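For reference, the chains in residue letters:
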Amino acid sequence: MSRSLTLLCCLALLPVSGAFAATTAYVGATVHPVSSPAIESATILVEDGKIVAVGTEVEIPADAVSFDMTGVHLYPGFVHPLSVLGLTEISSVRGTRDFSEIGEVNSDIRAEVAFHADSELLPVAMSGGILTAHVAPTGGVFRGTSAAVKLEGWNWEDMTMASGVGAHVAYPRLRARTGGFNPPTEEEVKERKEKALEALNETLDDTKAYATAMAAALEGKAPKPEYDAKLAALVPVLDGRMPLFLYADELSQIESALDWAKEREISNLVLVTGPDAAYLGERLAADGVRVLLNGVLARPDRDWEPYDAAYTAAKRLHEAGVEFCIGDGGDGFDAAHVRNLPFHAAMAAAHGLPHDVALRSVTLSAAELLGIGDRVGSLEPGKDATFIATNGDPLEIKTQILGAWIEGEKIDFSLDRQKRLHEKYDNRPRPDGDQPAVEGLREQGKG
Amino acid sequence: MTSAKPFSMRFIFLLALAVPASAVCGSAVASTTGDPSAWRNDRPEQPSAVIVRNATIWTSGPRGKLEGGDLLVRGGKIRAVGEGLTAPAGALEIDAAGKHVTPGLIDAHSHAAITGGVNEGSNITTAEVRIQDVIDSTDVDIYRQLAGGLTAANLMHGSANSIGGQTATIKLRWGAPPAELFMANAFAGIKFALGENPKQSNWNVDERRYPQTRPGVEQSIRERFTAALDYRRKWNEHNASRDRNRVPPRRDLQLEAILEILDGKRGIQSHSYRADEIIMLMRIAEDFDFTVKCFQHVLEGYKVADELASHGAGASTFSDWWAYKYEVIDAIPYNGAIMWDRDVLVSFNSDSSELARRMNLEAAKAVRYGNVPEEEALKFVTLNPAIQLGVDDRIGSLEPGKDADFVIWSGDPLSTYSVAEQTWIDGRKYFDRADDLARRDAVTAEREALISKARSFKEKPEEEGEGSDETAPAEPESETEPETEPETETDAEPTAGALRQGVNR
Amino acid sequence: MKCTRACAWGFALTALVAAGAAQARGPAVHALTDVRIVVAPGQTIEKGTVVIRDGVIVAVGADVAPPADARIWEHTDLTVYPGLIDAYVERSWPRKKDDEAADGGHENALVRPERAITVHGVDDGTAKKLREAGFTTVAVAPEDGLFRGRSAILNLGDGGPDQNLLRASHAQNVTFATTGGFGNGYPGSLMGSVALFRQTLLDARWQEKAWSAYSANPAQKRPPMNTALAALADVAGGRELVVLEGDDALDALRSASMIGEFGLKAHLVGSGDEYKWLDEVAAIGVPLIVPLNLPDLPDPPKEDDMVLSLEELRHWDQAPGNPKALLDAGVTVALTAHGLDDPKKILSNLWQATDRGGLSADEALALVTTAPAGLLEISDRAGTVAKGKMANLVVVEGDLFTEKPKVREVWVDGHRFEIKESKPAEIEPAGTWNLTVTTGDGQTLPAVMVLTGDAANLSGTISDPDGNQVPLSSASVSGMRLEIVFDGTAYGMPGDIEFTMDIEGDSGSGSGTSPAGEFTIKGQRSETPEVIR
C-alpha cells in the first residue's frame, strides 16, 4: 500500500496536458515493450510525442525533463479492436445512439464522423488504460467503414488515426439461436439469410461493375459512370487495399462465411467472430485469415461443451497458428465497459494462452490487425508515446493504473466523471467523529 | 464421415487438456462433474471427514487469512480451521500446498436456474409469486457457476414491477431436484424495484400501466403496506370475535407476504439506482417501522452511504457497471469501496449467469477501485452476501460449525490467473476440474456414438421385415470413433437395465 | 350480412332429414369366431369365440358356440384385444362469445373449473382418429386454462355424448398455464400461475366456509358466490379428483408440492421424461398418466451435427425406456396418446417401448387397457375381453405390438367400425381454397379454407360466418382424397361438420355432412405455399 502511495504521489507531480516538454525521459521503470521482453530499470525517451529510445543505456539529453519512475511499470496503452465507443453515450437512450443505421447496404457510412470527442465514456476508458480504439458502425449487412481513434483530442478529425480501417459486413446466421429474449424463428432466420446473401452478392457484383467502369473511364476508354457512394466505398475491398471485416459467430455461419469470402475472392479478410472459430483453427491458419475474437467470457453456446470452451478459444487459435486479437463484443453496453478488455485476455491466459500472447492480444496484435501497428501497441522507438503506468501486471484486476500518456501527453484523470464523483462523495463530511477505514482510500483516482 | 470433422478436431484439443498440470493432489472422492445433464449426476458422497492441508486459507471470519493452514470438515460441517490440525482416522486428506481456500462464493443477485419467466410483470405488485416454485435445478449454468467457485445464490424475481416476487436462496447442489437446492431456512426475501424498470421507461409496451414516474412507484408501494395493515386489522377483529358463525376474511397471499415485511420476517431486496429512490424507500420503511434488508444494484449508494448505514440496509452492487441506462449515468466503480468505508454492509453481485462464474474477480475490483483490503474485498462475495441473505449462520465464512462450503483455488483467489480446482458444498465435492477435464472425452464419445446410432436407424432400409437384426443398436461407425473407448454405459444397448443404471441416483 | 350466412348454414340445411347416429341395422348379436383372443395381459386363447349381445360381451372361450341369432365374423388369422383406453384426451373448449366471468365465473379467464366437457364429448374427427389407433374409451378433459374444468369418460362410438357417456364428471383438470407473458395479463409467468393456483384453492375453501358461516347466521354481510370457486370446493377440500398435467418431470415435482400443500386427491399427467427424476417421481406416490410421446429420430443435416444437443440425443435414446423404468420403480402408470400429433403413433411407440425400452408385450397391453381402466375406475366394465364387459375390442392382423400393427376393426359397445387402411397420399393440398357449399335445398355458400403443412401432417382453418378463420379439428389425405372435420359451433350448429373432397390439381369436389344435413362442396385453390416439403 505505502509503495503504491509513493508512486501515486510521484505521478501526481508529473505535468499534465498543455505543459509537456519537447523531450521527456521516464527513468527507472520496468518497461514492457510487448514487442520484446520486459526491461528492468529502463528509460523511455520521448520527443515530440514519439518514442525515441527505450532501454537501460538511454542517453538523456541535457534539456530533457526527467521523471523518476522507479517501481513503476510502463506498458503500451491497450488497443480496443472493435467498439461503438464515442458513437453512443447511454445506449438505452435513443438520442445518444449513432452506431446503427437502418437499411441493408450502408457501405458509405463512416463511423468517425460521429465520434464524440467529449463523451463521458472516453476519460473513463483512458483511466482504465484503453488509449486507442477501433470504432465501427453496426447497422445492416454492409455496415460501413471504421476508424482507429486515439481517445484524447479536440475533435474527431484530430483524434482519428486512420480512416477506412475496414469495411464491415455482417454475414447472416444460418440457423436460429436458441435462448435469449424473443429469439427469431427458423423461418425468420432463413428469410433474413436469403435477403442478406442477396444483398451481399448483388452489392459486390455491382461494385465490381462500378470498379471496371471507373477504371475504364480513368483510362479514357469509357465515359465516367455516375458516382455511387455506396459502391465507391467498397472498391478498395475488391482489390484488397481495405480489409473486409466479416462478422460470423456460429460454426456453420463461420464456415459458410469463409466459403463465401473465398468464392468472392476477398484477399484481405478479418473474421470478427466468437469462440466457435476455435473449431476451425487449422483452416483459418491455412487460409491466413486474421481473427478478431469476441466472447472469451461468454458461456458456451451448447450445454455439452466444456464449461471453459470460450475461455480456451484464444489458446486453441494460438496453438493452431492463427493471427488474432481479443475484443469484448463491442455492443452498446460494452462501450461503457471497454476498460475490462484486458481481463478478457487475462481469462484466456488463465486457461492456457501464454501470458505474453495474452498481453499482445490486446495491444500490439490489435494494432497490427488494424493497420496501426507502426503507431501504437508496443513501446519501440518511432512509435507514438502512448503508454500507461501501473503498479503491476495490467492483466491483473488488482493492479492499478497510475497514469496514461497519449502521444507523450499526460492524460488528466481528473476529467474522468467517475473519479470526480468519487472524490466529491468520498469527501462528503462524515457523521460525527467517523474516520476513514483505510488510509489513502480517497487518494485513489487523483493520479 | 465428413460430418465428424468439428468433433475430431475438438477431440484432439480436448485430449491435449486431459492431463491437468496442477490438479490438487490426494483427492480420491468421486464427484460427478462434467456431465451437462443434472439428472445424470448422483449427489456426490460425503466423506465422514475431510482435511485440506497446507493451504492459504481465507476464512472471511475472525481467523482472517492463514498461511499454511488446515481445514477440517466432519459430517459436512466445518470442525476446525488452523495450523497442524489432527485429522480423524480415515479422513480424506487433500494436500493443498500452494493452493488457496476460500468460503464458497455467494451471488446475492441471480436469475439463473429459474424456469417459466423471471418476471411476473403483469401487475404492479405481485408479492404472492414465489421463485421457490420455479427453481430449475437442470440449468447447466449451475454447473458452470460451480466451476467458478460459486456455491450459493439468491434467485431473484425481475424488476418489472414495484413489488415483485418472493426470492429464493439456493445452494448449487448440481444433480439434486429443485426442493433440495432451496435453502428453506434462509431469511425470506422479496424483490422490490424502483426507477426506470417498474415505470417501464425502456420497454416497448402497447399498453402503459401505472406507475410511469418515480413518485408513482412510491405510492404503489405505500398503498400496499397500508392495505396489508387493513388486512391484519380485519383478521384481528375476526379472531377476537366470539361469533362462531362470523364470515371470515378472505386469505390474501399477496398481503400476507407484505405483512411479513412489516413484521420483519421477510427482507426487502430492492432493485434501485438513484440516491433519491434509495432514500425514498428507506423513509417508507421507517414510516412503517421496519428496515430495508438490502438494496440491490444501488449504484448511487455511495451518495447516500451514511444514510444507508444509519438505516441499517445492506448494499449489493455491481462492481463496475454504468452508463447502460440514464439512471446509471452516475454509477462509479468506487461505489463498493465508499459504502464499505462508511460502514455499509457491501456485497458484489452478478445479475448475470455469465458473470456469476467469476465473482472472485469481481471482488478484486474493490481492490482496484478504492483500495479495499483484499480480505475485506473477498467478503463482498462471501460473508457479506451471506449476512444480507440471512444465511450467515450457515455459510459465508470458514468457521467451526458452519456448512463445509468451500473452494480450492489454484492460486490467489483475487488473481485473474487463478481457477477454481474444487468446489465443495456440505462437505461434498460438486466440482473437480481434474475430473471435468478427464470426463470430457467420454461426453464427446457418447455424443458421437448416439449420433451414429441415430443415423443407423435413419438409414435402415424401409423394407426390412420383422426378425431381422435391424433392432440391434448400432455400434458407432469406426471413422467417427474417438481414440478412447466410449463409456460403457453409453455404448451399451439402451435396455431398461442400462437406462436405470443411467438414472440410478 | 353476418346473420345471413349463419342462418344459411344453420337453418337452410334443416330442410334435410338429420343424419342421426350411424347405428348398424339388424340384431345387435355378433360372434367373432376362429379368432385368437388376448383376454387380458398374460392371458390368451389361441383360437376361440367372442359373443356380443346388446353391446356387452356375453361369452368368451375356446369352446364357445356362437348363438343361433348371431351374425358370424369369421376372424381366422386375426387377433382380438380389449379396446384400448386413453385416460387423458384433451379437447379445446368450443368457442363461446359470452364472457364467462359475467356469468358469475372467475375474473381470471384461466380459471374455468365450472366447465364440464360432458356437453361436448369427443368430436367425430378425433373419435375417428382415436379408433384408428385402437382406442375405444377415453377420459376427455377441457384443454384451455389453468383450472380447466371437469373431464368426462366416454366410449368412442357414434351418436354423441348421450350414447357414449360412462361418467359425466371424472375429475377437475389443471395445468400451470400462463397468459403467455408480458402485456397479456396475469399470470404471465409460471410462478404467477402457481400463485394463482394457490390463491384460487384458498379462495374456494374460503367461499365454502364463508357460506357455511353465512347460512348459519344470515344477519351479516352476504359473501359473494362465485360459480368457479363453488365448482372447486370439493377439489380444495380433497374430496374430488384433480388431474394435474405437466410439461416436464420437474413440473410433476411442482405439482407434487401443491398436492402436498393442499392435501389434494390427484393423478398426474406426465411428460415422458420421468426417467430423469425417477426416484423423486416415484416418491410422489400418485398415479401417473404418461404420454408415450417418443421424440423423432434426431435428424442433423449431414455436415452439421453441432446443432444436436446431448440432452436431445440422450432423450431420443432413453425415452422408450421410460414406461418400464416407471413400472420398475413401483409407480402406478397408464399410458396416453396425449401429445402425439396422431394418436396412431402410440402403436409404433408401444413397439419401440417394448423393442428398445424393455417393456414386455403384456406390460405394454396393461398400460393401455387394465391400467387406465383402473385409474378411471371402470375395471368392472372395461379393459379386458371378458364376459360382462362392454364389447369394446380391437381386431388386428397378427400381433398388436409390432413395428407396424395392422388394425382391421374396432368394436365400440358392440358396434363394428372397419378401419380402412389410409392410402398413401397422392396430393399435397396445402394452400388457400375457395369453397362453394351447396345445401340440400340448393342454396350456395362461400367459405375460405387455408391448409398448411404436408399431406402427412396437415392442419388448417376455415372461415366462419363472421369471416374469422376457425381451426379445423382434423385434416388428412388418403390417396387423392382430402378429409376435413371441424366444429360447427361457430355456424350455430354445435357438432361436427365433415366433408371429403377429391382433388385434382387445384380443384376439387366432394360432399359432406353437418348436424343439419348433407351438402356438396366444390373447391378451387387460389394460393399455393412456396415450399411444400
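Because the structure is predicted, anything quoted here is derived from the model rather than measured. (Residues numbered from 1 in each chain as written. Chains lettered and ligands numbered in written order. Predicted model: local features only at pLDDT ≥ 70, side-chain atom pairs only at ≥ 80, totals over all residues. Heavy atoms only, no water.)

Side note on the sheet that holds strand β12 (residues 294-297) of chain B
Remark on secondary structure: sheet strands pair via backbone hydrogen bonds, oriented parallel or antiparallel. Residues and elements named next belong to chain B. The six strands are arranged β8-β10-β11-β12-β13-β14 in an open sheet whose pairing can be described as mixed. Either end of the sheet is taken by a strand with one partner, and the two such strands are β8 (163-166) and β14 (346-348). Taken pair by pair, the neighbouring strands of this sheet meet at an average axis angle of 25 degrees, ignoring direction. Each of β10 (188-193), β11 (266-272) and β12 is contacted by helix α6 (residues 275-287), which is oriented at about 160 degrees to β11, the strand it contacts most. (Pairing = 2+ DSSP bridges. Helix = DSSP H or I, 4+ residues; strand = E, 2+ residues; numbered from the N terminus. Axes fitted to C-alpha atoms, helices over the stretch in contact; angles between N-to-C directions. Contact = heavy atoms within 4.5 Å.)

Examining the side chain of B:Glu362
Positionally, B:Glu362 belongs in helix α9 (residues 359-368). Those residues in contact with B:Glu362, other than ones at most four positions away along the chain, are B:Ser319, B:Asp320, B:Phe348 and B:Leu355.

Considerations on the pairing of strand β2 (residues 39-47) of chain A
Residue and element names in this part refer to chain A. Alignment of strand β1 (residues 23-31) against β2, held across seven bridges, turns out to be antiparallel. Along β2, the bridge assignment pairs Val27 with Thr43. Pairing of β2 with strand β3 (residues 50-55) involves five bridges; the strand directions are antiparallel. Looking at the pairing, Val46 lines up with Ile51 of β3.

Quick word on a negative patch on the surface
All names here are of chain A. Together, Glu186, Glu187, Glu188, Glu191, Glu194, Glu198, Glu202 and Asp206 give the surface a local cluster of negative charge. Of note, Glu191 is situated in helix α4 (residues 186-218). The exposure class assigned to Glu191 is exposed, which follows from its relative accessible area of 58%. (Patch = residues over 30% accessible without salt bridge, like charges linked within 9 Å, V, L, I, M, F, W, Y side chains within 5 Å. Areas by Shrake-Rupley, 256 points an atom, 1.4 Å probe, with all protein chains shown as cover. Salt bridge = Lys/Arg side-chain N within 4 Å of Asp/Glu carboxyl O. Lys, Arg positive; Asp, Glu negative; His and termini not counted. Charge placed at Lys NZ, Arg CZ, Asp CG, Glu CD. Buried < 20%, exposed > 50% of the residue type's maximum accessible area, 1.4 Å probe, protein only.)

Things to note about the environment of B:Lys199
Residue and element names in this part refer to chain B. When you line up the elements, Lys199 lands in the loop between β10 and α4 (214-240). Between the C-alpha atom of Lys199 and that of Thr213, which follows or precedes it by 14 residues, the distance is 5.7 Å. Residues contacting Lys199, with those up to four places away along its chain left out, are Pro211, Gln212, Thr213, Arg214 and Val217.

Comments concerning the packing of aromatic side chains
Counted according to the given criterion, the structure contains 32 aromatic pairs over all chains. Look at A:Phe333 and B:Trp321: their rings are 5.1 Å apart centre to centre, the planes differ by 80 degrees, and that puts the pair in the edge-to-face class. Here A:Phe333 is found in helix α10 (residues 332-335), whereas its partner B:Trp321 is found in the loop between β13 (314-317) and α8 (335-341) on a different chain. Residue A:Phe333 is classed as partly exposed on the basis of its relative accessible area, which comes to 28%. Given a relative accessible area of 18%, B:Trp321 falls into the buried group. Look at C:Phe486 and C:Phe499: their rings are 6.5 Å apart centre to centre, the planes differ by 75 degrees, and that puts the pair in the edge-to-face class. Pair noted here: C:Phe486 is in strand β24 (residues 481-487) and C:Phe499 is in strand β25 (residues 496-504), with a separation of 13 residues, a long-range link. By way of ring pairs, the aromatic residues A:Phe333, B:Tyr273, B:Phe318, B:Trp321 and B:Tyr324 are connected into one cluster. Its end group placed over the ring of A:Trp405, A:Lys410 keeps NZ or CZ at 5.5 Å from the ring centre. A cation over a ring is seen here: C:Arg131 above C:Phe417, with NZ or CZ 3.9 Å from the ring centre. (Phe/Tyr/Trp six-rings, centres within 6.5 Å; stacked < 30°, edge-to-face > 60°. Lys NZ or Arg CZ within 6 Å of the ring centre and 35° of its normal.)

Quick notes on the domain arrangement of chain A
Frequently, the measure chosen for interface size is the accessible area removed from exposure when the parts meet. Residue and element names in this part refer to chain A. Parsing chain A into structural domains produces domain 1 (3-77 + 386-415) and domain 2 (78-369). When each unit is reduced to the centre of its C-alpha atoms, the spacing between domain 1 and domain 2 is 32 Å. Counting residues at the interface gives 21 residues for domain 1, matched by 22 residues for domain 2. Buried surface at the junction of domain 1 and domain 2, summed over both partners, amounts to about 1,700 Å²; 74% is from carbon and sulfur atoms. On inspection of domain 1 and its partner domain 2, the count reaches one salt bridge. Here Glu407 ties to Lys150 by a salt bridge, and the two come within 3.0 Å at their closest N and O atoms. On the surface where domain 1 and domain 2 come into contact, there are two residue pairs in polar contact (both at pLDDT 80 or more). Looking at the side of domain 1 that touches domain 2, the elements with two or more residues in it are β5 (73-76), β16 (387-390) and β17 (401-406). (Domains from an automatic or database assignment. Buried area = accessible area lost by both parts, 1.4 Å probe. Polar contact = N/O pair within 3.5 Å; in protein donor to acceptor, adjacent residues only side chain to side chain.)

Some details on the nonpolar core
Ranked by internal contacts, the top residues of the largest apolar core, which has 278 residues, are A:Leu151, A:Leu284, B:Phe225, B:Leu308 and C:Phe197. In terms of residue count, the dominant contributor to this core is helix α4 (residues 190-216) of chain C (nine residues). Summarising the domain contributions, this core has at least three residues from each of domain 1 (3-77 + 386-415) and domain 2 (78-369) of chain A. Apart from the residues lying within four places of it in its own chain, the contact partners of A:Leu151 are A:Leu85, A:Phe115, A:Leu122, A:Ala125, A:Met126, A:Ile130, A:Leu131, A:Thr132, A:Ala133, A:Met159 and A:Ile406. In terms of nonpolar packing, the next biggest core, distinct from the first, is built from 26 residues, C:Trp433, C:Ile484, C:Phe486 and C:Phe499 among them. (Core = buried A, V, L, I, M, F, W, Y, C linked by side-chain atoms within 4.5 Å.)

Here's the deal with the interface of chain B and chain C
Chain B puts 72 residues into the contact, and the matching count from chain C is 66 residues. In total, about 5,700 Å² of surface goes out of reach between chain B and chain C, with carbon and sulfur atoms giving 59% of it. A salt bridge links C:Arg314 to B:Asp35; the nearest nitrogen and oxygen atoms lie 2.7 Å apart. Linking chain B to chain C there are 19 residue pairs in polar contact (both at pLDDT 80 or more). Elements with a minimum of two residues in the side of chain B that touches chain C: α1 (5-17), α5 (253-262), α12 (433-458) and α14 (496-503) of chain B. Here the side of chain B that touches chain C gets 11 residues from one element, more than from any other, and that element is α12(B). Per-class residue counts for the side of chain B that touches chain C are 28 nonpolar, 19 polar and 25 charged. (Nonpolar A, V, L, I, M, F, W, Y, C, P; charged D, E, K, R; others polar.)

Some details on the environment of B:Ala97
Residue and element names in this part refer to chain B. Tracing the sequence through the fold places Ala97 in the loop between β4 (92-95) and β5 (100-103). The spacing of Ala97 and Asp42 is 55 residues in sequence and 29 Å in space, taken between C-alpha atoms. Not counting the four nearest positions on each side in its chain, Ala97 is found in contact with Arg53 and Asn54.

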